[in-house]
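As a plain string of letters, each chain reads:
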Amino acid sequence: MRVSVPATSANMGPGFDTLGIALQIKNQVMIKPSKFHSVSLKGEGSNNPALKDNNMFISIFNDFYHNLSTKRRNFRFEFYNEIPMSRGLGSSSAVIVSAIASAYAIEGVDLPKKKLLNLALAYENHPDNITPAVMGGFNVATIKDNEVKFIKKEMPKHLRAIVVIPNRPISTNMSRKTLPYKYSKDDAVYNLSHASLLTAAFMSENWEMLRVAAFDKFHQKYRMKQMPELFEVQKASLRAGSLMSTLSGSGSTFFSLAYADDCKKIEKELRTRFPHFKIFTTDFDNYGVRVEK
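Residues numbered from 1 in each chain as written. Predicted model: local features only at pLDDT ≥ 70, side-chain atom pairs only at ≥ 80, totals over all residues. Heavy atoms only, no water.

Along the chain, Q234 falls in helix α10 (residues 229–240). When its relative accessible area of 13% is taken as the criterion, Q234 is described as buried. The residues contacting Q234, other than those within four sequence positions of it, are Q220, M224, S245 and F254. (Helix = DSSP H or I, 4+ residues; strand = E, 2+ residues; numbered from the N terminus. Buried < 20%, exposed > 50% of the residue type's maximum accessible area, 1.4 Å probe, protein only. Contact = heavy atoms within 4.5 Å.)

Okay, the packing of aromatic side chains next. Under the definition given, this model contains 16 aromatic pairs. Centroid distance F61 to F77: 5.2 Å. Interplanar angle 80°. Geometry classified as edge-to-face. With F61 in helix α2 (residues 56–68) and F77 in strand β4 (residues 74–81), this residue pair connects regions lying 16 residues apart in the sequence. Exposure remark for F61: the relative accessible area of 0% places this residue in the buried category. For F77, a relative accessible area of 1% puts it in the buried group. Seen from the ring of Y287, K113 lies directly overhead, with NZ or CZ sitting 3.9 Å from the centre. (Phe/Tyr/Trp six-rings, centres within 6.5 Å; stacked < 30°, edge-to-face > 60°. Lys NZ or Arg CZ within 6 Å of the ring centre and 35° of its normal.)

Before going further, it helps to spend a moment on the nonpolar core. Counting residues in each nonpolar core, the largest one holds 66 residues, and the members touching the most others are L23, F61, F77, F202 and L257. Not counting chain neighbours up to four residues away, the residues in contact with L23 comprise P6, A7, L89, A161, V163, F255, T282, D283, F284 and D285. Ranked by size, the runner-up nonpolar core spans 18 residues in total, among them V164, A240, I266 and F274. (Core = buried A, V, L, I, M, F, W, Y, C linked by side-chain atoms within 4.5 Å.)

Another aspect to go through is α10. Taking 1.5 Å per residue, 12 residues should reach 16 Å; α10 reaches 17 Å between its end C-alpha atoms and fits that length. Three or more residues of α10 are buried, namely L230, V233, Q234, A236, S237 and A240. Where the residues of α10 are buried, they touch β7 (159–165), α9 (220–224), β8 (244–247), β9 (254–259) and α11 (263–273). In the segment just after α10, G241 is the residue with positive phi, at about 125°. (Expected span 1.5 Å × (residues − 1).)

Put into structure tokens, the structure is as follows:
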């Protein structure tokens, strides 16, 4: 059995803890029956031996598998990770979603995506990453009565994402500590209006409006001060033709959205300006988590 989950970019500027989008970058796990428990890891994180012993996927998988099954079988878990860790691309959400989906699939128990999403909420209490990880596409999400309420929009093929991954991380916990305890009414209205306009732009496919809508006053500038080069990444991406350029999650990755025809020029400009960063263009993922038996 193979389970794959896409990377996600959350917040998307003004949509703090609310907006998220799925990218065509995936973590995959192959699960096989085995005489003994074993783990192999390739790709991102493979140079960290501790991940084999202290593996969040295995812990969550066992929680659900032992509740679903009276059997005590051993498995071989083969991980291939494309999603960088601790870079604001939803690596934790991908682990949570794939672990729960795998436990249900290995027992042949049907798991609708909406149920999977709400089970994942127990491990990640903000819906902006887990929702696109499960559903794919662009998502607006909130939580009511411990359930995720969301609306999904599939992304068209003539748009692509340009991803800039700096050579060092920003700690999510430290990043949240940099945020103000209170915001002014003006800043709250600014973010409310921009998040609403950005959402309306996605839903109506008014892509040019993203040039106006994708700015915020809640989190980006505070987090980006930990890595001041990110201000230049944002400016350079927008000058080169991106429709929007925002901190991905809590960083350090930067996410830009552009017309496919403009991506080569934008990527070239960013590579010239930031040669020590990893920069590439990718498609959006409209499907979300996949289970293949």
